[in-house]
Amino acid sequence: MSLLSKLFYYFEFPFVRYAFLVGVLIALCASLLGVTLVLKRFSFIGDGLSHVAFGALAIASVLGLSGNGSMAIVLPLTMIAAVIILKTGQNTKIRGDAAIGMLSVGALAFGYLIMNVFSASSNVSGDVCSTLFGSTSILTLSKSDVYLCIILSAGVIAFYILFYNRLFSVTFDESFASATGINTSLCNFIIALVTAAIIVLAMRLVGSLLISALVIFPAMSAMRVFKSFKSVSICAAGIALVCTGLGLIVSISAGTPAGATVVCADIIAFLIFSVLGKVLRR
Amino acid sequence: MQIISVNNLAYGYEGGAIVNGLSFTVSEGDFLSVLGDNGSGKSTLMKTLLGLHRPSSGVIEFQNGLKASEIGYLPQQTPVQRDFPASVREVVLSGFSGKLKGPFYSAEQKKKAKENIEKMGIEKLSGKCYRELSGGQQQRVLLARALCAAEKVLVMDEPVSGLDPNATADFYSLIQRLNKEDGKTIIMVSHDVDCAVRYSSHILHIGCHIFFGTAHEFRHSSAVTSLICNEDHDEDSGHASLAPTHDCHGGKKLCFPGDEGAGRVHGAAGKKGGKKK
């Protein structure tokens, strides 16, 4: 009972409620898009983009921007990187995976370098650590952060529902989709932009190193058990909701880092679903 | 009624044309098989016909009211599909995805999808997961999807590759029914000369020798002879890529000079009509 009353006590603080709301919304968006990204063999785009977002955030913090001000730099830069990665992925001269590798490592190194050289803050390694692992920033959200996040998540979820059938077609068989008249390159372009937006949002929650977990784990867990695209999408969203909710509760009550705890909850869910999938297949 | 006319077409990958000066026509109700060696550009020709690939020169014309959206496509399977969680119903419905007006499929489209599933004889599988089906069943699903997209023409890229003999025979009779009973025009890439000659009305052979004509003309043309001679030079056994390792219906096999029973095709080319027994 003491645990529950402790939780109620925590939820009286607005920043805890904000963190909970934003965390769950971001996880929901990331998991929905994750189904498409994983199936299209694009899961590493999320990883690459998160490093780019780290580099962009470093630029923003050197310029003295924080909060929503930094978004003005981070969001467009990450979106540009998303489009570049997607275009080079189709180019046969530079392989997609190598292009992502170069871009992500380059952005990571560049970001750390300029943070070290130009940063006005006295605690550079603390800044870097919180950007990489999102240790506390989820608990320092302002009201405008929360509104921005709600609007963007609503946009992503609306996009997913409205384009659900086209997304399926493009994901399952791109050449068939373009033969039937779907503009697949436009579709891929939009997917890249939405991915970039989610990654920039999710940086607040889990930090840039752990974002891929939010994208990949729910989809992979759902695919262990479910067999249709619809059920996998719904299940992935459900897993993301439960894992993020539980992870945040544990993290708030036990004082563990929010991002890492949420990812651990996702890993546990994956293990449970793997076993479940094996048992059901028998 | 002529519906597709290809005139002096050249196409290829970046950097150079693989095929030059290709001309042929397709009429309504035709069953055209496209033959040729590996890498001769059969799949690329299909993509060029569908507008997925830009030709380097020449004209492809759709005539007598044929629209690009009336052509259905059965592409080669991709590695992505092998572990894709999708039910048969979802895959077949996605044939309509190019015709979506709003975000969702209409009741009429759902009904049509159901009819196509029944037509392919896979209604028992419609709730099953695509990745758990056999190769032949998967091709039926993809064919049902192509039927949702196509009103008139079906373009298929090696639909029987990787199927066992029974599944191949089933699939051919299915295509033949679509062609004869439903009047669908079929354009099919194939590796299998014997079945192509047996089932199709027209043959297009691309490669070093370009041949276009009816299956009957093909049987008696020199293209067959040169085809076999080339294969004999390329491969020790001559069996590997040309000869069907299975029989598609009647159990007759395409034979090679030196084999027992050689000259069925070879002789036909020389003597004219030698094949008809």
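Residues numbered from 1 in each chain as written. Chains lettered and ligands numbered in written order. Predicted model: local features only at pLDDT ≥ 70, side-chain atom pairs only at ≥ 80, totals over all residues. Heavy atoms only, no water.

J.: Before we move on, can you summarise the overall build of chain B with the specific residues and values?
T.: The secondary structure content of chain B amounts to nine helices and nine strands. Looking at chain B residue by residue over its 277 residues, the buried ones come to 51%. The long-range fraction of contacts in chain B, counting pairs at least 24 apart against all pairs at least 6 apart in sequence, stands at 66%. (Helix = DSSP H or I, 4+ residues; strand = E, 2+ residues; numbered from the N terminus. Buried < 20%, exposed > 50% of the residue type's maximum accessible area, 1.4 Å probe, protein only. Contact = heavy atoms within 4.5 Å.)

J.: Which residues make up the nonpolar core, and what values go with them?
T.: In this structure, B:Leu143, B:Leu154 and B:Met156 are the most contacted members of the largest nonpolar core, which totals 110 residues. By residue number, the principal contributor to this core is helix α10 (residues 184-206) of chain A, which donates twelve residues. If we skip the residues at most four places from it in the chain, B:Leu143 touches B:Leu74, B:Met120, B:Leu154, B:Met156, B:Phe171, B:Leu174 and B:Leu178. One finds A:Ala179, B:Leu22, B:Leu49 and B:Leu66 within the second-largest nonpolar core, a separate group that totals 27 residues. (Core = buried A, V, L, I, M, F, W, Y, C linked by side-chain atoms within 4.5 Å.)

J.: So what's going on with the sheet that holds strand β1 (residues 2-13) of chain B? Residues and values would help.
T.: Residues and elements named next belong to chain B. Within the open sheet, the three strands sit side by side as β2-β1-β4. Their pairing is antiparallel. Each edge of the sheet is formed by a strand with only one pairing partner; in this case those strands are β2 (16-27) and β4 (57-62). For this sheet, the mean angle separating the axes of adjacent strands, direction not counted, is 20°. Bridge analysis of β1 against β4 gives five bridges, and the strand direction is antiparallel. Its bridge partner being in β4, Ala10 is matched across the sheet by Ser57. (Pairing = 2+ DSSP bridges. Axes fitted to C-alpha atoms, helices over the stretch in contact; angles between N-to-C directions.)

J.: Please set out the side chain of A:Asp266 residue by residue, giving values where relevant.
T.: Considering the arrangement of structural elements, one finds A:Asp266 in helix α13 (residues 258-281). In contact with A:Asp266, not counting residues within four places along its chain, are A:Ala213, A:Leu214, A:Phe217, A:Pro218, A:Ser221, A:Ile239 and A:Cys243.

J.: Now, about the interface of chain A and chain B: what can you tell me, with residues and values included?
T.: Contacts between the two partners involve 26 residues from chain A, matched on the other side by 33 residues from chain B. In total, about 2,600 Å² of surface goes out of reach between chain A and chain B, with carbon and sulfur atoms giving 60% of it. Among the residues chain A hides against chain B, the three largest losses belong to A:Asn165, A:Phe172 and A:Phe176. Together they make up 28% of the total. Residue B:Arg145 pairs with A:Asp173 through a salt bridge whose shortest N-O separation is 2.8 Å. (Buried area = accessible area lost by both parts, 1.4 Å probe. Salt bridge = Lys/Arg side-chain N within 4 Å of Asp/Glu carboxyl O.)

J.: Residue-level account of the sheet that holds strand β9 (residues 211-214) of chain B, with values.
T.: Residue and element names in this part refer to chain B. Read from one edge to the other, the open sheet built from six strands follows the order β5-β6-β7-β3-β8-β9, with strand pairing classed as mixed. Looking at which strands have only one partner, the edges of the open sheet turn out to be β5 (71-74) and β9. Direction aside, the axes of adjacent strands within the sheet are offset by 15° on average. Judged from the four bridges that link them, strand β8 (residues 202-205) and β9 form a sheet pairing that is antiparallel. Bridge pairing in β9 places Ile203 opposite Gly213. Against the sheet, helix α4 (residues 135-149) makes contact with β5 and β6 (153-157), and its axis sits at roughly 160° relative to β5, the strand it touches most.

J.: So, the packing of helix α3 (residues 107-119) of chain B against α4(B): which residues are in play, and what are the values?
T.: Two numbers describe a pair of packed helices, the interaxial angle and the distance between the axes. All names here are of chain B. Running from amino to carboxyl end, α3 crosses α4 at an angle of 140°, the nearest separation of the two axes being 9 Å. The angle between α3 and α4 places the two elements in the oblique class. Handedness of the crossing formed by α3 with α4: right-handed. Facing α3, whose interface residues are Ala113, Asn116, Ile117 and Lys119, α4 presents Ala144, Leu147 and Cys148. Residues of the contact of α3 with α4, tallied by class, amount to five nonpolar, one polar and one charged. (Parallel < 35°, antiparallel > 145°, perpendicular 65-115°, else oblique. Left-handed = near helix turned anticlockwise from the far one by under 90°. Nonpolar A, V, L, I, M, F, W, Y, C, P; charged D, E, K, R; others polar.)

J.: I'd love a proper account of the pairing of β6(B), names of residues and values included.
T.: All names here are of chain B. Burial of β6 is extensive: five of the five residues sit out of reach of the surface. Alternating residues of β6 divide into Val153, Val155 and Asp157 and Leu154 and Met156, and every residue in both groups is buried. Across five bridges, the pairing between β6 and strand β7 (residues 185-189) is parallel. Residue pairing for β7: Asp157 is matched across the bridge by Val189. Between the parallel pair β6 and β7, the chain is carried across by helix α5 (residues 165-180), and the sense of this crossover is right-handed. (Right-handed = clockwise from strand over helix to strand, strands pointing away.)

J.: Explain the pairing of β7(B) to me, and be specific about the residues and the numbers.
T.: Residue and element names in this part refer to chain B. Counting buried residues in β7 gives five out of five residues, a clear majority hidden from the surface. Alternating residues of β7 divide into Thr185, Ile187 and Val189 and Ile186 and Met188, and every residue in both groups is buried. Judged from the four bridges that link them, strand β3 (residues 31-35) and β7 form a sheet pairing that is parallel. Bridging across to β7, Leu32 finds its partner in Ile187.

J.: An account of the side chain of A:Ser228 is needed here, citing residue identities and associated values.
T.: As for its placement among the helices and strands, A:Ser228 is situated in the loop between α11 (211-225) and α12 (229-254). A residue is classified by how much of its surface remains accessible, and A:Ser228, at 16% relative accessible area, is buried. Of note is the side chain of A:Ser228, whose polar atom sits 2.9 Å from the side chain of A:Ser231. Once residues lying within four places of it in the same chain are set aside, the contact partners of A:Ser228 are B:Pro85, B:Ala86, B:Ser87 and B:Glu90. (Polar contact = N/O pair within 3.5 Å; in protein donor to acceptor, adjacent residues only side chain to side chain.)

J.: Could you give an account of the packing of aromatic side chains, with specific residues and numbers?
T.: The relation between two aromatic rings is expressed through the spacing of the ring centres and the mutual angle of the planes. Per the stated rule, a full pass over the model turns up 17 aromatic pairs over all chains. Between B:Arg145 and the ring centre of A:Phe176, over which it is positioned, the NZ or CZ distance is 3.6 Å. (Phe/Tyr/Trp six-rings, centres within 6.5 Å; stacked < 30°, edge-to-face > 60°. Lys NZ or Arg CZ within 6 Å of the ring centre and 35° of its normal.)

J.: A description of helix α8 (residues 164-172) of chain A should follow, citing residues and the corresponding values.
T.: For α8(A), the tally of buried residues reaches nine of nine residues, placing the bulk of the element in the interior. A:Tyr164, A:Asn165, A:Arg166, A:Leu167, A:Phe168, A:Ser169, A:Val170, A:Thr171 and A:Phe172 are the residues of α8(A) that are buried.

J.: Break down a nonpolar patch on the surface for me, with residues and values.
T.: Residues and elements named next belong to chain A. Together, Leu21, Tyr147, Ile150 and Ile151 make up an exposed nonpolar region whose accessible area comes to about 400 Å². Considering each element in turn, the nonpolar patch owes the most residues, three residues, to helix α7 (residues 143-162). Of note, Ile151 is situated in helix α7. Assessed through its relative accessible area of 61%, Ile151 is described here as exposed. (Patch = residues over 30% accessible without salt bridge, like charges linked within 9 Å, V, L, I, M, F, W, Y side chains within 5 Å. Areas by Shrake-Rupley, 256 points an atom, 1.4 Å probe, with all protein chains shown as cover.)

J.: I'd like a description of the environment of A:Ser125, backed by residues and values.
T.: Here A:Ser125 shows up in helix α6 (residues 124-133). When the C-alpha atoms of A:Ser125 and A:Val250 are compared, they prove to be 26 Å apart, with 125 residues separating the residues in sequence.

J.: Break down the pattern of salt bridges for me, with residues and values.
T.: Opposite charge on two side chains lets them pair, provided their charged atoms get close. Within this structure, the stated rule accounts for seven salt bridges over all chains. The shortest N-O distance in the salt bridge between A:Lys40 and A:Glu174 comes to 3.2 Å. With A:Lys40 in the loop between α2 (14-39) and α3 (43-62) and A:Glu174 in helix α9 (residues 174-179), the pair connects residues that are 134 residues apart, well separated along the chain. A relative accessible area of 8% places A:Lys40 in the buried class. Residue class for A:Glu174 comes out partly exposed when judged on its relative accessible area of 33%. Notably, a salt bridge pairs B:Asp83 with A:Arg41, separated by 3.4 Å at the nearest N-O pair. Taken together, the positions of B:Asp83 in the loop between β5 and α2 (88-93) and A:Arg41 in the loop between α2 and α3 put the pair across two chains. A:Arg41 sits in the partly exposed class, given a relative accessible area of 44%.

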